[in-house]
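Working through the structure, step by step
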Amino acid sequence: MTAASASVQLDKLRELPSLPQVVIDLQSALSREDVSIDAIADTVSLDQALAAKALRVANCSFYGVPGRVVSIRQAIGMLGLRSVSTVLTIAAVSQSIPRPSCPGFDLERYWRHSVAVALCARDMARTLRLDADVAFTAGLLHDLGRLALASQASARLAETLRRRDELDCAMLEAERATLGTDHAALGAQVAVRWHFGPAIVDAIRLHHEPPAAPRVTVTDIVHIADGIAHALDVAGDPNEMVPPLDPTAWNRAGLTEGQMLLILESTEAEVDGLCDALAV
Amino acid sequence: MNDDTATRVYPVSPPEVRPTPSAEPAQGDRVEWLFRDALRRRQVHPLMELLRRYRGQEGA
């Protein structure tokens with residue numbers, strides 16, 4: 001298959017549904033100062049399925065909130081608008097992509113890996129004093145292109161998975177040779193359509209090849225967190241393989257061994273709880 | 001936003017012939033298996049020793 005014909009088939013990715021308007025509005029509201037929390041809470045509450053899922057996530061042990069969060073307004077008061085926006089984004093993404101049916105693609109393993117990367121990226125960002133919510137969301141969505149492929153171009157992904165298994169090579173390598181592109185580029189296209197900010201889009205696009213930078217970036221963090229989640233084997237994939245790690249990104253992060261061991265421990269400890277809350 | 005890879009297209013190619021991948025040893029070293037790509041390429045992976053220490057610490 002030529003790159004052009006592969007591209008035609010991948011056009012089906014454009015048919016993915018949009019995120020709910022309230023999530024797009026929240027993303028843009030976060031960059032403004034005149035945000036009305038009441039207005040946001042009212043809008044979110046109108047989407048009952050989304051609000052219910054968001055409350056379920058807000059009540060899981062991950063957020064460590066004492067007592068029970070029963071309304072979106074209360075969630076914003078207790079967790080802050082940024083964290084509630086993250087919760088809503090998680091809920092919206094997990095319900096916006098049609099459930100894939102692709103031989104060789106395991107949705108549960110996909111989410112377990114994504115959640116582990118998100119948790120690990122959040123902890124690294126906190127340690128490095130970067131934006132933990134952005135790191136969390138970028139980590140959660142870093143393989144969005146793979147999910148989009150499974151949902152919208154399952155035959156192409158199945159072919160790629162077969163190739164990876166036959167050659168025991170990295171998935172990225174198999175995608176480029178089979179599709180003429182990779183999940184990182186495709187995921188970034190979806191994230192742009194879904195109005196995510198540039199830091200998240202860049203982290204998705206470049207999480208396998210972080211570019212040179214004067215200091216550590218969210219992309220570096222997601223790159224390292226992806227390696228850690230593969231190394232921790234959280235998805236339980238029999239073909240698990242830890243991807244190459246960019247030594248310059250690793251050095252820019254500059255975390256000590258003690259810090260890294262704590263991050264590995266907390267990542268493993270929290271995966272099950274958050275996956276249960278997300279029902280993924 | 002960095003658009004370096006936005007329009008990059010990779011050449012679609014037929015599968016190349018490679019040595020048969022090694023099967024996971026039944027009672028082998030899982031860490032070694034996870035890092036098999038780096039080991040095959042004789043690359044030092046910064047996470048490999050960290051993971052060994054973490055697993056050792058966990059079991060202690």
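Cut-off values and rules
Residue numbers here run from 1 along each chain, matching the order of that chain's written sequence. Lettering of chains starts at A and numbering of ligands starts at 1, both following the order in which they are written. Two thresholds apply to this predicted model, a pLDDT of at least 70 for residue-level local features and 80 or more for giving and counting side-chain atom pairs, whereas whole-chain, interface and lining totals are computed over all residues. Only hydrogens and water are set aside when side-chain values are computed; all heavy atoms of the structure are taken into account. Runs of H or I in DSSP of at least four residues are treated as helices and runs of E of at least two as strands, each being numbered from the N terminus. Only protein chains enter the accessibility calculation, which uses a 1.4 Å probe. A residue is then buried if its area is under 20% of the maximum for its type, exposed if over 50%, and partly exposed in between. Here the accessible surface of atoms and residues is derived via Shrake-Rupley with a 1.4 Å probe, and residues count as covered only by protein chains that are part of the display. pLDDT gives the predictor's per-residue confidence on a scale running from 0 to 100. Any two residues having at least one pair of non-hydrogen atoms within 4.5 Å are treated as being in contact. Summed over both partners, buried area is the accessible surface (1.4 Å probe) that two parts give up on being assembled. When a carboxyl oxygen of Asp or Glu is within 4 Å of a side-chain nitrogen of Lys or Arg, the pair counts as a salt bridge. Polar contacts, as counted here, are pairs of nitrogen or oxygen atoms within 3.5 Å of one another; within protein the pair requires one atom able to donate a hydrogen and one able to accept it, and residues that are adjacent in sequence qualify only if both atoms are side-chain atoms. Polar here means any residue other than Ala, Val, Leu, Ile, Met, Phe, Trp, Tyr, Cys and Pro, which are nonpolar, and Asp, Glu, Lys and Arg, which are charged; Gly is therefore polar. Lines are fitted to the C-alpha atoms to define the axes, a helix being fitted only along its stretch in contact, and any angle between axes, read from their N-to-C directions, falls within 0 to 180 degrees. Each angle is binned into one of four classes, with values under 35 degrees roughly parallel, values over 145 roughly antiparallel, values of 65 to 115 roughly perpendicular, and all other values oblique. Should the near helix be turned anticlockwise from the far one by less than a right angle, the crossing is left-handed, and should it be turned clockwise, the crossing is right-handed. When the centres of two rings from Phe, Tyr and Trp lie within 6.5 Å, Trp using its six-membered ring, the rings pair. Their planes under 30 degrees apart give stacked, over 60 give edge-to-face, and anything left gives tilted. Put plainly, a pocket is an open set of points on a 1 Å grid over the protein atoms alone with protein on both sides within 12 Å along at least five of seven lines, a cavity is a set where a 1.4 Å probe fits but cannot get out, and a lining residue has an atom within 4 Å of a point. Grid points are joined across faces, edges and corners, and a volume is the space filled by probe spheres set on the points.

What follows covers the overall build of chain B. Per the secondary structure count, chain B includes three helices and zero strands. Sequence-ordered secondary structure for chain B, helices as α and strands as β, is α-α-α. Out of the 60 residues in chain B, the part that is buried amounts to 27%. When the accessible surface of chain B is totalled, it reaches about 4300 Å², and 53% of it is carbon and sulfur.

Moving on to helix 11 (residues 171-179) of chain A. Every α-helix carries 3.6 residues per turn, so stepping three or four residues along brings you back to the same face. All names here are of chain A. For helix 11, the tally of buried residues reaches eight of nine residues, placing the bulk of the element in the interior. When we look at burial in helix 11, the residues that qualify are Met171, Leu172, Ala174, Glu175, Arg176, Ala177, Thr178 and Leu179. Gly180 sits one or two residues past helix 11 and shows a positive phi near 80°.

Turning next to the confidence of the model for chain B. Residues and elements named next belong to chain B. On average, chain B scores 73 in pLDDT, and the residues at 70 or more come to 57%. The least confident element of chain B, judged by mean pLDDT, is helix 3 (residues 46-59) at 86; the most confident is helix 2 (residues 36-40) at 91. Among the prediction metrics, the complex's ipTM stands at 0.79, with pTM recorded as 0.85.

So, on to the interface of chain A and chain B. Between chain A and chain B, the residue contacts involve 47 residues of the former and 35 residues of the latter. For the pair chain A and chain B, the two sides together bury roughly 3500 Å², of which 55% comes from carbon and sulfur. On the chain A side of the interface with chain B, the three residues burying the most area are Leu167, Asp168 and Arg205 of chain A, jointly 15% of the side's total. Inspection of the chain A/chain B interface yields six salt bridges. Two residues, Arg40 of chain B and Asp168 of chain A, come together in a salt bridge whose shortest N-O distance is 3.0 Å. Our enumeration of links across chain A and chain B arrives at 15 residue pairs in polar contact (both at pLDDT 80 or more). Elements supplying a minimum of two residues to the side of chain A that touches chain B: helix 10 (154-167), helix 11, helix 12 (183-193), helix 13 (198-206), helix 14 (218-232) and helix 16 (257-278) of chain A. The leading source of residues in the side of chain A that touches chain B is helix 16 of chain A, at six residues. Split into classes, the residues belonging to the side of chain A that touches chain B amount to 24 nonpolar, eight polar and 15 charged.

The next thing to look at is the packing of helix 12 of chain A against helix 13 of chain A. Residue and element names in this part refer to chain A. Two elements in contact, helix 12 and helix 13, have axes whose closest approach is 7 Å; the angle formed by their N-to-C orientations is 160°. By the angle between their axes, helix 12 is roughly antiparallel relative to helix 13. Considering how the two elements wind past one another, helix 12 and helix 13 form a crossing that is right-handed. Contacts from Ala184, Gly187, Ala188, Ala191 and Val192 in helix 12 reach Val201, Ile204 and Arg205 in helix 13. Residues that form the contact of helix 12 with helix 13 fall into these classes: six nonpolar, one polar and one charged.

Time to look at the packing of aromatic side chains. All names here are of chain A. Per the counting criterion, the structure on display carries two aromatic pairs over all chains. Measuring from centroid to centroid gives 5.8 Å for Phe105 and Tyr110, while their planes differ by 45°, and the two rings are tilted. Classification of Phe105 as buried rests on a relative accessible area of 15%. Look at Tyr110 and you get buried, because its relative accessible area is 7%. Pairing Tyr110 with Trp111 gives two aromatic rings, centres 5.3 Å apart and planes at 80°, and the pair type is edge-to-face.

It is worth spelling out unusual backbone geometry at this point. In this model, Arg129 of chain A sits at a positive phi of 60°, which is unusual for a non-glycine residue. Examined against the element boundaries, Arg129 of chain A turns out to sit in the loop between helix 7 (107-128) and helix 8 (132-141).

By volume, the largest pocket is sized at about 750 Å³. In terms of lining, the largest pocket is formed by 33 residues, of which the most central are Arg146, Arg164, Met171, His230 and Glu240 of chain A. Within the residue set of the lining of the largest pocket, elements represented by two or more residues are helix 7, helix 10, helix 11 and helix 14 of chain A together with helix 2 of chain B. With four residues, helix 11 of chain A is the largest single contributor of residues to the lining of the largest pocket. When its residues are assigned to classes, the lining of the largest pocket shows 11 nonpolar, six polar and 16 charged.

The subject of this paragraph is the pattern of salt bridges. A side chain with one charge may pair with a side chain of the opposite charge, provided their charged atoms come close. Following the criterion strictly, the structure yields 25 salt bridges over all chains and no others. Where Arg109 of chain A meets Asp106 of chain A, a salt bridge forms, and the shortest distance between an N and an O atom there is 3.7 Å. Judged by relative accessible area, which is 31%, Arg109 of chain A ranks as partly exposed. Of the residues examined, Asp106 of chain A reaches a relative accessible area of 33% and is grouped as partly exposed. Salt bridges linked by common partners bring Asp168 and Glu173 of chain A together with Arg36, Asp37, Arg40 and Arg41 of chain B together as one network.

Structurally, the position occupied by Arg176 of chain A is in helix 11. Once you skip the residues sitting within four places of it in the chain, Arg176 of chain A turns out to touch Thr181, Asp182 and Glu209 of chain A together with Tyr10, Pro11 and Val12 of chain B.

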